[in-house]
Amino acid sequence: MSQTKAALRQQSKETRSLLSPAEIAENSRIIRQRLLDLLNGFDTVMVYAAKTPEVETKDLIADLNRRGVRVVVPIIERETASLRLSYLPDPAVLRPSTFNVPEPIGHELPARPADIEAVVIPMLAFDAAGNRLGYGAGYYDRFLCRYPHLQRIGIAFSCQRTESIPADENDVKMDCIVTETGITRYNRRGITENYK
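About the thresholds
Residues numbered from 1 in each chain as written. Predicted model: local features only at pLDDT ≥ 70, side-chain atom pairs only at ≥ 80, totals over all residues. Heavy atoms only, no water. Helix = DSSP H or I, 4+ residues; strand = E, 2+ residues; numbered from the N terminus. Buried < 20%, exposed > 50% of the residue type's maximum accessible area, 1.4 Å probe, protein only. Pairing = 2+ DSSP bridges. Lys, Arg positive; Asp, Glu negative; His and termini not counted. Salt bridge = Lys/Arg side-chain N within 4 Å of Asp/Glu carboxyl O. Polar contact = N/O pair within 3.5 Å; in protein donor to acceptor, adjacent residues only side chain to side chain. Contact = heavy atoms within 4.5 Å.

Colleague: Explanation requested: unusual backbone geometry in the structure shown.
Modeller: For residues besides glycine, phi is generally negative; the peptide bonds are generally trans as well. Geometrically, the link from Thr52 to Pro53 is a cis peptide bond, its omega value of 5 degrees lying close to zero. Mapped onto the secondary structure, Pro53 falls in the loop between strand S1 (44–47) and helix H3 (58–67). The backbone of Phe99 shows a phi angle near 55 degrees, a positive value even though the residue is not glycine. In this fold, Phe99 is placed in the loop between strand S4 (95–96) and strand S5 (102–103). Looking at Phe99, the relative accessible area reads 38%, which means it is partly exposed. In this model, Asn100 sits at a positive phi of 65 degrees, which is unusual for a non-glycine residue.

Printed below as a string of structure tokens:
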């Protein structure tokens, strides 16, 4: 199974690499607008800080902050293979850190997972059943298993959709997947609804 996942990761990275910077910017803008509508009414939201060529999230973070939403970003702890959380009132403090992921190192404002209502998660690939393929280290899956109350929102470009992702008991499905082409909601019993 892991070999299949490795092949899917490589294929998805190659597909995503074909997007031009202009396409990434425009698709990210559309996804941001969909997310702002989806997150309306939430008080505290965890959002990953994007690295190129992921769906860009800096403008989303700034927009949520302007709206009065408390934004939390994850900080990767390699030693414990876990995520540490920090509030991010100002995206300007983000600097490339572990795995080149932007993090607020030196400007941390510790946050509690219990206070978070929804989490926006990067995806390398996804399928129609709500399965997500990440980068392979399992940071998000472990975090989401520990905090099942979180609304799980995966975001990616539509070109990253694949027919099927092999999932095991450690893989956490998304409650919602957002791309530039629409929003798909899943309830935890496997029923889907599509929104354009």
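Colleague: I'm lost on the pairing of strand S9 (residues 151–155) in this one. Help?
Modeller: In summary, the side chains of a regular strand alternate between the two faces of the sheet. With 4 of its 5 residues buried, S9 lies for the most part within the structure. Across 3 bridges, the pairing between S9 and strand S10 (residues 176–179) is parallel. By the bridge assignment for S10, Ile155 is matched with Val178.

Colleague: Is there a simple way to explain the side chain of Arg132 in this structure?
Modeller: Within the secondary structure, Arg132 is located in strand S8 (residues 132–133). Asp141 is the oppositely charged side chain nearest to the buried, salt-bridge-free Arg132, at an N-O distance of 4.3 Å. For Arg132, the side chain forms a polar contact with the main-chain oxygen of Pro122, separated by 2.8 Å. The residues contacting Arg132, other than those within four sequence positions of it, are Ile121, Pro122, Met123, Ala125, Tyr140, Asp141, Ile165 and Met174.

Colleague: Help me understand the environment of Arg34 in this model?
Modeller: Along the chain, the position of Arg34 falls in helix H2 (residues 21–38). Its relative accessible area of 18% is what places Arg34 among the buried residues. For the pair formed by Arg34 and Thr181, sequence separation is 147 residues and the distance between their alpha carbons is 9.8 Å. A distance of 3.2 Å separates the side chain of Arg34 from the backbone oxygen of Thr179, its partner in a polar contact.

Colleague: Got a minute to help me understand the side chain of Thr98 in this structure?
Modeller: By secondary structure assignment, the location of Thr98 is in the loop between S4 and S5. Overall, the relative accessible area of 16% leaves Thr98 in the buried class. Each residue touching Thr98, except ones within four places of it in the same chain, is listed here: Ile76, Arg78 and Glu103.

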